[in-house]
Amino acid sequence: MAKKTMKQAIISGDLSVTIESNIPIPEPAADEVVIRAVYSGINPIDWKGANAELSKALHGDVENPDHGPVGKDFAGYVYAVGSEAYQFHVGDRVMAVNHSTGFAEYSVGKSFSTAVIPKHVSFEEAATFGLPYLTAALLMFKGKPLPTPWNPAPGLTRTPLLVYGASSAVGAFAVKLAKLANIHPIIAIAGASSGSIEKELNSDLGDVLLDYRQDRAKLLQNIKHIADDIHYAADAIGSPETAAFCAQAVNPTDSTVTSSVGDPWDNTVKDRSPLGVEFHLAFSPGVFEPNDPEGPEGKNSPNLGPKAFATIAMAYLSCALQRRLIQPHPYEVQPEGLGSLSRSLTELKEGKSRGLRYVLEIAASSGFAKVGE
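Structure report, in brief.

About the cut-offs
- Residues numbered from 1 in each chain as written.
- Predicted model: local features only at pLDDT ≥ 70, side-chain atom pairs only at ≥ 80, totals over all residues.
- Heavy atoms only, no water.
- 1 Å grid on protein atoms, 1.4 Å probe; cavity = no way out; pocket = protein on both sides within 12 Å on 5 of 7 lines; lining within 4 Å.
- Points joined across faces, edges and corners; volume = space filled by probe spheres on them.
- Helix = DSSP H or I, 4+ residues; strand = E, 2+ residues; numbered from the N terminus.
- Expected span 1.5 Å × (residues − 1).
- Buried < 20%, exposed > 50% of the residue type's maximum accessible area, 1.4 Å probe, protein only.
- Contact = heavy atoms within 4.5 Å.
- Salt bridge = Lys/Arg side-chain N within 4 Å of Asp/Glu carboxyl O.
- Phe/Tyr/Trp six-rings, centres within 6.5 Å; stacked < 30°, edge-to-face > 60°.
- Pairing = 2+ DSSP bridges.
- Axes fitted to C-alpha atoms, helices over the stretch in contact; angles between N-to-C directions.
- Parallel < 35°, antiparallel > 145°, perpendicular 65-115°, else oblique.
- Left-handed = near helix turned anticlockwise from the far one by under 90°.
- Nonpolar A, V, L, I, M, F, W, Y, C, P; charged D, E, K, R; others polar.
- Right-handed = clockwise from strand over helix to strand, strands pointing away.
- Core = buried A, V, L, I, M, F, W, Y, C linked by side-chain atoms within 4.5 Å.

Here we look at the layout of surface pockets
Taken as a whole, the largest pocket encloses approximately 1200 Å³ of empty space. Lining the largest pocket are 50 residues, and of these Pro44, Lys48, Ser168, Ala236 and Ile237 sit closest to its centre.

What follows is the structure, encoded as structure tokens:
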């Protein structure tokens, strides 16, 4: 019997997109589910990853398997279940994150990075979480002794937190997770698209929004006026400049700055920062690697901790959505499905989607079947 096939989108280095047909539908490994995708989310890493040199600079030598289409985020119905993905069933409504595989009719989700979607959450809303949510969870809680949303701080505990790039998708989810962990005051640094995050802040608990476009020295002065003893900073932009700025804003003797990987990391940032500031990277692709370099056996440690962390973060996301505790990021559905992918990637590269996530309806792509057909 012939294998069922699908269509998928392949992105070239110049951000042109080719639709491939008659690709065999993937079969799930033991810890995977195959998902009939309804919506996919687009991330900046999708255009950066299309450039082989930049992708190498950002990811290093990753060992997790690459699928043809590079998209990271997708939402749809479970089509097939691996033998160890016991928490999922065929027909479940789910969202998933993976290192690749998102821009296709059928995508592969790992059991530890897949979450059930409550009935009141649409697929396009679910597609706004994905990689930014998982990165925000890593940014906020991995390597930091902070309260978490699943174990929040009691009462009126004061734990000042700096979030740089708070209106980006990663930064916005970092703020939302901080609120759910009862971390305050939150000092959110954002720019022109700050309106979406301002409503998430609670001024009664000391939360404040600052504009990063002001003079750097003035911005630093304003931060220290609000909280002069900050020990934790989350850099959602992930450039050497923003990481170095965060290091100047925290206590110089005993603090942690965690940075996402938005640009190739510059090790001179540590040399330019106070000796008492410890740096971490929130590196989502590391969740999918076979080994954990920070594990007890060094680089050969089995990747147990990061996968367990992702399992908890994604299970919590289902719980928070069910109880309407967390909202999707503002988004815009692109009109032609994967036919809009090249243009959408170009707009992300040019910075035209500030404050918004672009999502694609797979079935809106020319020649693609509706789910169920």
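Things to note about helix H5 (residues 169-180)
For H5, with 12 residues, the first-to-last C-alpha span of 17 Å sits near the 16 Å given by 1.5 Å per residue. With 10 of 12 residues buried, H5 lies mostly within the body of the structure. Among the residues of H5, those classed as buried are Ala169, Val170, Gly171, Ala172, Phe173, Ala174, Val175, Lys176, Leu177 and Ala178. For H5, the elements touching its buried residues are helix H4 (130-141), strand E8 (161-164), strand E9 (186-190), helix H6 (195-198), helix H10 (305-322) and strand E15 (357-361). Once H5 finishes, Asn182 follows within two positions and takes phi at roughly 60°, a positive value.

Focus on the pattern of salt bridges
Pairing between side chains of opposite charge can happen when their charged atoms approach one another. Considering all chains together, one arrives at 8 salt bridges under this definition. A salt bridge links Arg357 to Asp73, with the nearest nitrogen and oxygen atoms 2.9 Å apart. A residue pair is termed long-range when its members are at least 10 positions apart, and Arg357 in strand E15 and Asp73 in strand E4 (residues 73-81) qualify at 284 residues. Glu350 serves as the salt-bridge partner of Lys352, at 3.0 Å between the closest nitrogen and oxygen. Note on Glu350: relative accessible area 48%, which makes it partly exposed.

Here we look at the packing of aromatic side chains
Tallied over the entire structure, the rule returns 10 aromatic pairs. On the numbers, 5.1 Å between centres and 70° between planes, the contact of Tyr77 with Phe123 is edge-to-face. Of this pair, Tyr77 sits in strand E4 while Phe123 sits in helix H3 (residues 123-126), placing them 46 residues apart in sequence. Its relative accessible area of 31% is what places Tyr77 among the partly exposed residues. Under the relative-accessibility criterion, Phe123 is labelled buried at 9%.

With respect to the sheet that holds E8
Reading across from one edge, E10-E9-E8-E11-E12-E13 is the order of the 6 strands in this open sheet, with parallel pairing throughout. Each edge of the open sheet carries a strand with a single partner, namely strand E10 (208-211) and strand E13 (277-282). Mean inter-strand twist for the sheet, computed between neighbouring axes without regard to direction, equals 20°. Bridge count for strand E11 (residues 232-235) against strand E12 (residues 255-260) is 4 bridges, and the pairing is parallel. Pairing of Ala233 across the sheet is with Val257, part of E12. This element, H5, spans E8 and E9 of the sheet and lies at about 160° to E8.

Topic: the packing of helix H7 (residues 216-226) against helix H8 (residues 240-249)
Packed helix pairs are characterised by how far apart their axes lie and by the angle those axes make with each other. Closest axis-to-axis distance for the H7/H8 pair is 10 Å, and the angle between their directions is 40°. Classified by the interaxial angle, the pair formed by H7 and H8 is oblique. The crossing of H7 and H8 is right-handed. For the pair formed by H7 and H8, the contact residues are Arg216, Leu219, Leu220, Ile223 and Lys224 on the first element and Phe245, Gln248 and Ala249 on the second. Looking at the contact of H7 with H8 residue by residue, the class counts come to 5 nonpolar, 1 polar and 2 charged.

Some thoughts on the environment of Ala85
Tracing the sequence through the fold places Ala85 in the loop between E4 and strand E5 (93-97). Overall, the relative accessible area of 0% leaves Ala85 in the buried class. Measuring from C-alpha to C-alpha, the distance between Ala85 and Asn267 comes to 39 Å, with 182 residues separating the pair along the chain.

Looking at the environment of Phe123
Sequence separation of Phe123 and Ala37 is 86 residues, and the distance between their C-alpha atoms is 9.3 Å. Apart from the residues within four sequence positions on either side, Phe123 is in contact with Val38, Tyr39, Ala75, Gly76, Tyr77, Arg93, Val94 and Ile117.

Section: the pairing of E11
Burial of the side chains of E11 extends over both faces: Tyr232 and Ala234 are buried on one face and Ala233 and Asp235 on the other. Following the chain from E11 across H8 to the adjacent parallel E12, one finds a crossover that is right-handed.

Here's the deal with the nonpolar core
In terms of nonpolar packing, the biggest core is built from 56 residues, with Met95, Phe129, Tyr133, Met140, Phe141, Ile183 and Ile326 touching the most fellow members. Apart from the residues within four sequence positions on either side, Phe141 is in contact with Leu146, Pro147, Thr148, Pro149, Trp150, Leu177, Ala181, Ile183 and Phe309. With 21 residues, the next largest nonpolar core counts Ile187, Leu219, Ala227 and Ala244 among its residues.

Some words on the pairing of E8
A regular strand places its side chains so that they alternate between the two faces of the sheet. What you see with E8 is no split at all: Leu161 and Val163 on one side and Leu162 and Tyr164 on the other are buried throughout. Pairing geometry for E8 and E9, over 4 bridges, is parallel. In the sheet register, Tyr164 faces E9, and the bridge partner there is Ile189. A crossover links E8 with its parallel partner E9, the connecting element being H5, and its sense is right-handed. The pairing of E8 with E11 spans 4 bridges and is parallel. Counted as the bridge partner of Val163 is Ala234 from E11.

Re H8
When you tally the buried positions in H8, you get 8 out of 10 residues, the bulk of the element. Taken together, the buried residues of H8 touch E8, H7, E11, E12, helix H9 (268-271) and E13.

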